[in-house]
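A structural walkthrough
The lines below spell out each chain.
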Amino acid sequence: MKNVLVVYYTQSGQLLEIAKNVVSTLEISSEISVTYHQIKPVKKYDFPWEKETFFDVFPESFLQIPCKLEEPQPEVLSKKYDLVILAYQIWYLTPSIPINSFLKSETAKQLLKDTPVVTVIGCRNMWIQAQEKMKVLLQEVQAKLVGNIVLVDRHINHISVITIEKWMFSGKKESYLGVFPKPGVSQKDIDEATKFGKPILKDLLQGDYKNLQYNLLKIGAVKVKPFLVLVDKRANVLFGKWANLIIKKGKPGEKKRLKWIGYFNKYLKFAIWCVAPIVFIVFLLTYLPFLGQIKKDQKYYASVDQKL
Ligand SMILES: Cc1cc2nc3c(=O)[nH]c(=O)nc-3n(C[C@H](O)[C@H](O)[C@H](O)COP(=O)(O)O)c2cc1C
């Protein structure tokens with residue numbers, strides 16, 4: 001019997017639906033036993049979000065400051081796992097606070113040490129540097145990343161910015177004004193996530209994952225968009241400056257800090273709506289000379305390799 005643990009944190013339930021679809025293909029085998037571990041922060045993050053709170057979690061998210069989590073069910077800790085499926089959201093270009101907190105916990109050390117891990121990301125579209133941070137977190141608990149599956153909102157960047165905001169603040173995954181597309185990962189992509197279970201099942205039964213990511217890529221597990229690689233990298237530098245500045249202004253919810261969160265929010269809007277389009281034009285104009293590097297980056301970010 002092979003034991004599989006699914007660790008997840010989701011607010012809308014979208015990510016659990018994706019993870020369940022991936023795992024449904026594993027469960028066809030009578031040799032697989034699946035256990036779920038839902039990450040639960042002691043102080044819950046409300047969903048739908050209050051606008052202020054949504055932006056106020058930025059410094060702790062980006063600086064990867066953990067929160068307190070509830071203890072897992074004893075059943076979760078009672079087994080040794082052959083494979084862990086880690087389904088996570090991105091918050092501010094970083095693994096979400098609950099997932100980051102889990103990976104920094106003693107529980108994660110116990111559950112993940114020397115264990116193969118497949119990460120499953122469900123986000124808007126900016127996940128590249130978050131996955132680099134995830135690689136470090138997994139290395140710190142001595143887990144082995146063997147696969148990565150990324151499901152995103154496939155609409156153009158600016159459309160997905162508008163629709164995700166409406167979704168996060170209303171809690172309803174529906175078309176804004178009846179004009180915009182539905183936010184988040186499309187139902188088709190969610191339903192088709194079952195296909196990713198096949199190569200995972202094969203390698204799990206054989207206990208050999210060296211070709212797993214290659215086989216996952218063949219069926220479309222990851223698509224790396226060069227422009228988003230560039231934006232993600234640049235935004236990480238700028239977010240670092242903002243986060244370090246705001247964290248010094250006080251604790252979450254404090255008046256002085258909220259004033260700065262307000263400035264950050266305005267800056268974010270300016271960067272998305274005014275700076276990003278200019279950067280996009282420059283990117284297109286300078287695309288060809290950098291093609292070699294772009295291809296190299298695409299290959300690396302689609303892989304489970306880790307830069308030294
Ligand atoms: C505070 C916050 C920040 C987010 N930041 C990002 C981000 O930087 N990149 C991204 O692609 N998605 C981002 N998202 C979207 C989430 O990754 C995720 O898709 C969304 O919260 C829905 O997840 P769920 O359906 O599992 O609850 C953010 C969401 C929240 C709540």
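Everything in this summary refers to the structure shown in the same document. (Residues numbered from 1 in each chain as written. Predicted model: local features only at pLDDT ≥ 70, side-chain atom pairs only at ≥ 80, totals over all residues. Heavy atoms only, no water.)

Observations concerning the site of the ligand
Heads up, the condition is: Think of it this way: one heavy atom of a residue within 4 Å of a molecule or strand is enough to make that residue near it. In protein, a polar contact requires one atom able to donate a hydrogen and another able to accept it; more generally it is a pair of N or O atoms within 3.5 Å, and residues adjacent in sequence count only if both atoms are side-chain atoms. Note that accessible areas follow from Shrake-Rupley with a 1.4 Å probe, and for residues the cover is restricted to the protein chains shown. Numbering of helices and strands starts at the N terminus; helices are DSSP runs of H or I of at least 4 residues and strands are runs of E of at least 2.
Neighbouring the ligand are 21 residues, the closest being Thr 10, Gln 11, Ser 12, Gln 89 and Ile 90. The side chain of Thr 10 places a nitrogen or oxygen atom 2.6 Å from an oxygen atom of the ligand. Take Ser 12: an N or O atom from its side chain is 2.4 Å from an oxygen atom of the ligand. Taking 620 Å² as the accessible area of the ligand by itself, protein coverage stands at 95%. Put simply, the parts of the chain that give the shell around the ligand at least two residues each are α1 (14-27), β4 (90-91), β6 (116-123) and α8 (157-170).

Considering the packing of aromatic side chains
What counts here: Two rings belonging to Phe, Tyr or Trp (six-membered ring only in the last case) form a pair when the distance between their centres is within 6.5 Å. Interplanar angles under 30 degrees mark stacking, angles over 60 mark edge-to-face geometry, and anything in between is tilted. Categorising residues by exposure relies on relative accessible area from a 1.4 Å probe, with only protein chains included: less than 20% of the type maximum marks a residue as buried, more than 50% marks it as exposed, and the intermediate range marks it as partly exposed. In this scheme, Lys NZ or Arg CZ marks a charge over a ring once it lies within 6 Å of the ring centre and within 35 degrees of the ring normal.
What the rule picks out here adds up to 26 aromatic pairs. Between Trp 49 and Trp 91, the ring centres sit 5.3 Å apart and the planes meet at 80°, which makes this aromatic pair edge-to-face. Linking Trp 49 in the loop between β2 (32-38) and α2 (51-56) with Trp 91 in strand β4, this pair joins segments that are 42 residues apart in sequence. The buried category is assigned to Trp 49, whose relative accessible area is 7%. When the centroid spacing of 5.5 Å and the interplanar angle of 75° are considered together, the rings of Phe 283 and Tyr 287 count as edge-to-face. Judged by its relative accessible area of 27%, Tyr 287 falls in the partly exposed class. The ring of Tyr 300 is capped by Lys 135, whose NZ or CZ atom sits 4.4 Å from the centre of that ring.

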